[in-house]
Amino acid sequence: MDIEERRHLLGKHIRTVRERQGISQRSFALMTGISQPYLSGVERGEISVGFNNLCKIADGLGVELTDLVSSEHL
C-alpha cells in the first residue's frame, strides 16, 4: 500500500468516526480549531495531515491517536 492510499484510508476513517458521533464537519472544525476546508481535504484524502492537527483531531473525537493510525484502518 502506498502513501496516497494510506492518506485516503486515514481520511475515510476520520470521517467515519466523526459521523458516527453525529458531529458535523463545521462543528468539528470549531471544536478542534482547524479550518473546515482543511478538515474536508483531510477527510477526502487530498491533504497530508500534520502531527499537531492529527492530535487535535484525535482529541476532538475522544480517541487515542494510535486508534486513528492503526494498521487495522490503514
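Our structure is the block above this text.
Residues numbered from 1 in each chain as written. Predicted model: local features only at pLDDT ≥ 70, side-chain atom pairs only at ≥ 80, totals over all residues. Heavy atoms only, no water.

Novice: Would you mind going over the overall build of the protein chain in detail, with residue names and values included?
Specialist: Scanning the protein chain from terminus to terminus reveals five helices and zero strands. Against the 2.2 N^0.38 benchmark of 11 Å for 74 residues, the protein chain shows a C-alpha radius of gyration of 11 Å, consistent with a compact globule. Overall, the protein chain is about 35 × 20 × 20 Å in size when its C-alpha atoms are taken along their principal axes. Within the protein chain, buried positions represent 35% of all 74 residues. By sequence separation, contacts in the protein chain at least 24 residues apart represent 51% of the contacts at least 6 residues apart. (Helix = DSSP H or I, 4+ residues; strand = E, 2+ residues; numbered from the N terminus. Rg over C-alpha atoms; globule rule 2.2 N^0.38 Å. Buried < 20%, exposed > 50% of the residue type's maximum accessible area, 1.4 Å probe, protein only. Contact = heavy atoms within 4.5 Å.)

Novice: Provide a residue-level description of the packing of helix H2 (residues 25-32) against helix H4 (residues 51-61), including the pertinent values.
Specialist: At a minimum axis separation of 9 Å, H2 and H4 run at an interaxial angle of 110°. On the basis of the axis angle, H2 is roughly perpendicular to H4. Read as a crossing pair, H2 and H4 show a hand that is right-handed. On H4, the residues that touch Phe28, Met31 and Thr32 of H2 are Lys56, Ile57, Gly60 and Leu61. By residue class, the composition of the contact of H2 with H4 is four nonpolar, two polar and one charged. (Axes fitted to C-alpha atoms, helices over the stretch in contact; angles between N-to-C directions. Parallel < 35°, antiparallel > 145°, perpendicular 65-115°, else oblique. Left-handed = near helix turned anticlockwise from the far one by under 90°. Nonpolar A, V, L, I, M, F, W, Y, C, P; charged D, E, K, R; others polar.)

Novice: Run through the pattern of salt bridges, naming residues and quoting values.
Specialist: Side-chain pairs of opposite charge can arise where the charged atoms are in close proximity. With the rule as written, the count across this model stands at three salt bridges. A salt bridge links Glu19 to Arg18; its shortest N-O distance comes to 3.9 Å. A salt bridge links Arg44 to Glu46; its shortest N-O distance comes to 2.7 Å. Salt bridges sharing common partners tie together Arg18, Glu19 and Glu43. (Salt bridge = Lys/Arg side-chain N within 4 Å of Asp/Glu carboxyl O.)

Novice: I'd like a description of the side chain of Gln25, backed by residues and values.
Specialist: Along the chain, the position of Gln25 falls in helix H2. Not counting chain neighbours up to four residues away, the residues in contact with Gln25 comprise Arg18, Gln36, Leu39, Ser40 and Glu43.

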